[in-house]
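Below, each chain spelled out in residue letters.
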Number of protein chains: 2
Amino acid sequence: VAASLTRVGRLLSGDVRALARAMSAVEGGSSSEAAETLQAVYPRTGRADVIGVTGAPGSGKSTLIGRLVAAFRGRGRRVGVVAVDPSSAFSGGAILGDRVRMQEHATDPDVFIRSMATRGHLGGLARATSDVVDLLDAAGFDPILVETVGVGQDEVEIVRTADAVAVVLVPGMGDDIQALKAGILEIADLFVINKAEREGADRLQADLEAMLALAPAGTSRPPIHRTVAARGEVVEPLADALTALLLSGGPRRATRRRERARARLLTLLGERLLERVGDEALTARALDRLIDDIAERRMDPYTAVQGILERVRVEGR
Amino acid sequence: VAASLTRVGRLLSGDVRALARAMSAVEGGSSSEAAETLQAVYPRTGRADVIGVTGAPGSGKSTLIGRLVAAFRGRGRRVGVVAVDPSSAFSGGAILGDRVRMQEHATDPDVFIRSMATRGHLGGLARATSDVVDLLDAAGFDPILVETVGVGQDEVEIVRTADAVAVVLVPGMGDDIQALKAGILEIADLFVINKAEREGADRLQADLEAMLALAPAGTSRPPIHRTVAARGEVVEPLADALTALLLSGGPRRATRRRERARARLLTLLGERLLERVGDEALTARALDRLIDDIAERRMDPYTAVQGILERVRVEGR
């Protein structure tokens, strides 16, 4: 316990090695070290602004985030980045291409970049991301930029509850590429038309405005910003706009934080329940047999689950 | 019960209205109608070949699938399509663009296309997709093509356990767009270079071959096919190759079907456990209070979950 308290103390004082170690523990899953660390730091979280940045692969999100990091650093802030996007330049996930193109902040101790491993979180990607954001928050990083690709189910859930959400679009990428997950446009607090020097930027803006005009009267309309992130153009006003958004957050922010707390509680509960019931209700051999029965169509999964649930008792509320 | 047996009987005889209705029930979630239907049809499933088709948005997966549907129809097969990809032309998910571009099979009773609603499955997208595949299988559709975007966490899990997996790539889309989820190349049984008339097809093929050459000796190397799906070019040989792959499936197929059974059992169990414990351990008011405590940082989610788990008893195995 003493050792873990020291570790937590180092993390809270902003020690990046303690931070990196805690992150590896929470990413790994259910170790008690991870739970203890998060329990210890939790009261010191909730201070950082969480900014979600989402868009299709190829929209230049990572480059834009690199520029935003520089803008926030210029304002004296310590900035965290969590890249959940497998195509992110931060995660070096590009296949057949350059592995890591964005290293300019690599030597700045006041910038901490973490890319989430995109495998090994079976169902727990959202949980692991929330934990990593908490650790950055506790270590004094603020704002924290969370990059997700606007396509996957989990990925959208992750960004949905950020304090502010920027959706990045690009002119002329073709409709099918721009096609984001249903509902992603509705969660935008702000739109960015990146690569705005390209042909089609005016049309994209007009299309967006037409779409936004359909929103019910009284709804606030998300502003549209145009950037050329690769050249660093018009990024400062974007950082200003995000800052203003976060300051004026008010009731919407409270709602989102509640949603985030809810999603967090339920995903963690689901994960733990599955672990415990898996361990306690069935031997490894019985589980294997059940899986064989399902694979061979001797038993359907619904009946199998019913059988397991019959062994679970929940004390009255 | 009589009514539901009739419904199941109609489904098994291939009645598409009964099929569509059962799909809506399973997509809706935990209704007992859905569970009863799946329990009833499960012994009649496992016959269809499930072909996963995945790739980045913009790779032309839907167009390719449209062509494959025609090719399999030409061989007298009844074909099912499940589009999990929000950018799919089948799901009409394109934003700011044409809603549905692929209607050529809409009037063919031996083609059944279902696009999965991309919201409202919190954690259950994989479960709902498996259920829909089973229903198609029970209704006599074979093969069943499952289209997912090769980016999201859930989406990759879904396609990973298909009997055969085709990964679709496109020349000259830029590395970041091509960037698929880590691990997606490893699950490919077959690669398709679509839009192969474009510049860069040779280089993409050379890059792919170089990457595949790194595989350990003795591993089978996935073949690479070039198609121009928009013009229907070279789709017949692709359908042949997929058919051959499925016929030779052997041990790998058995492994995947077991993996599929395992994932299915666990996701369904997780879903049901969360439902039951949520209902029985906490009143709605207590849950709300807990969420408030977490949002206000008075309690961390790990401690909250521990408290709930203490009320759960699992009978010995």
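Please refer to the structure placed before this passage.
Position numbers for residues start from 1 in each chain and track the written sequence from start to end. The order in which chains are written sets their letters, starting at A; the order in which ligands are written sets their numbers, starting at 1. Per-residue local features of the predicted model are confined to residues with pLDDT of at least 70, and side-chain atom pairs are confined, for both listing and counting, to 80 or more; whole-chain, interface and lining totals are unaffected and use all residues. Only hydrogens and water are set aside; all other atoms, that is, all heavy atoms of the structure, feed into the side-chain values.

Quick look at the sheet that holds strand S3 (residues 111-115) of chain B
Residue and element names in this part refer to chain B.
Next up, step 1: Overall, parallel pairing links the seven strands, which are arranged S3-S2-S4-S1-S5-S6-S7 in an open sheet. A strand with exactly one partner marks an edge of an open sheet, and here the two such strands are S3 and strand S7 (224-226). Between one strand and the next, the sheet's axes are offset by a mean angle of 20°, whatever the strand orientation.
Next up, step 2: A pair of strands counts as paired when DSSP detects no fewer than two bridges linking them. Secondary structure elements are defined from DSSP: runs of H or I of at least 4 residues count as helices, runs of E of at least 2 residues count as strands, and each element is numbered from the N terminus. Where strand S5 (residues 164-169) and strand S6 (residues 190-193) come together, four bridges link them in parallel fashion. When the sheet's bridge partners are listed, Val167 is paired in S6 with Phe191.
Next up, step 3: Contact between two residues is taken to exist if any of their heavy atoms lie within 4.5 Å; hydrogens are not considered. Orientation is described by lines fitted to C-alpha atoms, with helices fitted over the stretch in contact, and by angles between N-to-C directions that extend from 0 to 180 degrees. Sitting on the sheet, helix H9 (residues 235-247) touches strand S1 (50-55), S5, S6 and S7, and the angle it makes with S6 is about 170°.

Brief notes about the sheet that holds strand S5 (residues 164-169) of chain A
Residue and element names in this part refer to chain A.
Next up, step 1: In spatial order, the strands read S3-S2-S4-S1-S5-S6-S7; together these seven strands make up an open sheet with parallel pairing. One side of each edge strand has no neighbouring strand; the edge strands of this open sheet are strand S3 (111-115) and strand S7 (224-226). Each adjacent strand pair in this sheet contributes to an overall mean axis angle of 20°, direction not counted.
Next up, step 2: Contacting strand S1 (50-55), strand S2 (79-83), S3 and strand S4 (144-149), helix H5 (residues 125-138) runs over the sheet at an angle of about 170° to S2.

Examining helix H4 (residues 61-74) of chain B
Residues and elements named next belong to chain B.
Next up, step 1: Multiplying one less than the number of residues by 1.5 Å gives the expected span of a helix. The end-to-end C-alpha distance of H4 is 20 Å, a good match for the 20 Å that 14 residues give at a rise of 1.5 Å each.
Next up, step 2: Residues Lys61, Ser62, Leu64, Ile65, Gly66, Leu68, Val69, Ala71 and Phe72 constitute the buried set of H4.
Next up, step 3: Phi turns positive, to about 80°, at Gly76, one or two residues after H4. Each residue is placed in one exposure class: buried if its accessible area under a 1.4 Å probe, protein chains only, is under 20% of its type's maximum, exposed if it is over 50%, and partly exposed if it falls in between.

Observations concerning the environment of Ile193 of chain B
Residues and elements named next belong to chain B.
Next up, step 1: Looking at the secondary structure, you find Ile193 in strand S6.
Next up, step 2: Counting along the chain gives 83 residues from Ile193 to Asp110, while the straight-line C-alpha distance between them is 28 Å.
Next up, step 3: Not counting residues within four places of it along the chain, the set of residues in contact with Ile193 comprises Leu169, Pro171, Ala201, Leu204, Gln205, Leu208, Ile224, His225, Arg226 and Thr227.

A closer look at the side chain of Arg297 of chain A
Next up, step 1: Along the polypeptide, Arg297 of chain A turns up in the loop between helix H11 (284-295) and helix H12 (301-309).
Next up, step 2: A relative accessible area of 17% means that Arg297 of chain A is categorised as buried.
Next up, step 3: A polar side-chain atom of Arg297 of chain A sits 2.5 Å from a polar atom in the side chain of Thr45 of chain B.
Next up, step 4: Dropping the residues within four chain positions of it, Arg297 of chain A is found in contact with Tyr42, Pro43, Thr45, Gly46, Asp134 and Arg260 of chain B. N or O atoms closer than or at 3.5 Å make up a polar contact, with two conditions inside protein: a donor-capable atom paired with an acceptor-capable one, and, for residues adjacent in sequence, both atoms drawn from side chains.

A word on empty space enclosed by the protein
Next up, step 1: Every definition here rests on a 1 Å grid over the protein atoms only: cavities are sets of points where a 1.4 Å probe fits but cannot get out, pockets are open sets enclosed by protein on both sides within 12 Å along at least five of seven lines, and lining residues have some atom within 4 Å of a point. Grid points are joined across faces, edges and corners, and a volume is the space filled by probe spheres set on the points. Under the criterion given, the structure shown has six cavities of 30 Å³ or more.
Next up, step 2: The computed volume of the largest cavity comes to approximately 60 Å³.
Next up, step 3: Taken together, Tyr42, Arg257, Arg260, Ala261 and Arg264 of chain A together with Ile294, Ala295 and Arg297 of chain B form the lining of the largest cavity.
Next up, step 4: Among the elements of the structure, helix H10 (250-281) of chain A together with helix H11 (284-295) of chain B are those that each provide at least two residues to the lining of the largest cavity.
Next up, step 5: With four residues, H10 of chain A is the single largest residue contributor to the lining of the largest cavity.
Next up, step 6: Polar here means any residue other than Ala, Val, Leu, Ile, Met, Phe, Trp, Tyr, Cys and Pro, which are nonpolar, and Asp, Glu, Lys and Arg, which are charged; Gly is therefore polar. Per-class residue counts for the lining of the largest cavity are four nonpolar, no polar and four charged.

Looking at the pattern of salt bridges
Next up, step 1: Each reported salt bridge corresponds to a side-chain nitrogen of Lys or Arg within 4 Å of a carboxyl oxygen of Asp or Glu. Under the definition given, this model contains 60 salt bridges over all chains.
Next up, step 2: For Arg264 of chain A, the salt bridge is made with Asp134 of chain A, and the minimal N-O distance between the two is 2.8 Å. Of this pair, Arg264 of chain A sits in helix H10 while Asp134 of chain A is found in helix H5, placing the two residues 130 residues apart along the sequence.
Next up, step 3: By relative accessible area, which is 6% here, Arg264 of chain A ends up buried.
Next up, step 4: The class of Asp134 of chain A is buried, set by a relative accessible area of 4%.
Next up, step 5: One salt bridge connects Arg298 of chain B with Asp293 of chain B, and the closest N-O pair in it is separated by 2.9 Å.

A few points about helix H12 (residues 301-309) of chain B
All names here are of chain B.
Next up, step 1: Along H12, the positions that sit buried rather than exposed are Pro301, Tyr302, Ala304, Val305, Ile308 and Leu309. Axial view of H12: buried residues confined to an arc of 160°, hence all on one face.
Next up, step 2: You can read the cap of H12 off the contacts: a side-chain oxygen lies 2.9 Å from the backbone nitrogen of Tyr302, and it is on Asp300. Relevant arc is that of directions from the helix axis to the C-beta atoms, nothing else.

Here we look at the packing of aromatic side chains
Next up, step 1: Only the six-membered ring of Trp is used, alongside the rings of Phe and Tyr, when aromatic pairs are assigned; centres must lie within 6.5 Å, and planes under 30 degrees apart are stacked while those over 60 apart are edge-to-face, with the rest tilted. Counting across every chain of the model gives two aromatic pairs over all chains.
Next up, step 2: For the cation-ring pair, Arg78 of chain A lies above Phe141 of chain A, with the distance from its terminal atom to the ring centre recorded as 4.1 Å. Cation placement over rings: the criterion is NZ of Lys or CZ of Arg within 6 Å of the ring centroid and within 35° of the ring normal.

Remarks on the packing of helix H2 (residues 16-28) of chain B against helix H3 (residues 32-41) of chain B
Relative orientation and spacing of two packed helices are given, respectively, by the angle between their axes and the distance between those axes.
All names here are of chain B.
Next up, step 1: Their axes nearest at 8 Å, the elements H2 and H3 cross at an angle of 120°. Considering the angle they form, H2 stands oblique to H3. Crossing geometry of H2 relative to H3 is assigned as left-handed. Taken together, the residues of H3 that come into contact with H2 (itself represented by Arg21, Ala22, Ala25 and Val26) are Glu33, Ala34, Thr37 and Leu38.
Next up, step 2: Residues belonging to the contact of H2 with H3 are distributed by class as follows: five nonpolar, one polar and two charged. Just so you know how the angles are binned, under 35 degrees is roughly parallel, over 145 roughly antiparallel, 65 to 115 roughly perpendicular, and the rest oblique. Should the near helix be turned anticlockwise from the far one by less than a right angle, the crossing is left-handed, and should it be turned clockwise, the crossing is right-handed.

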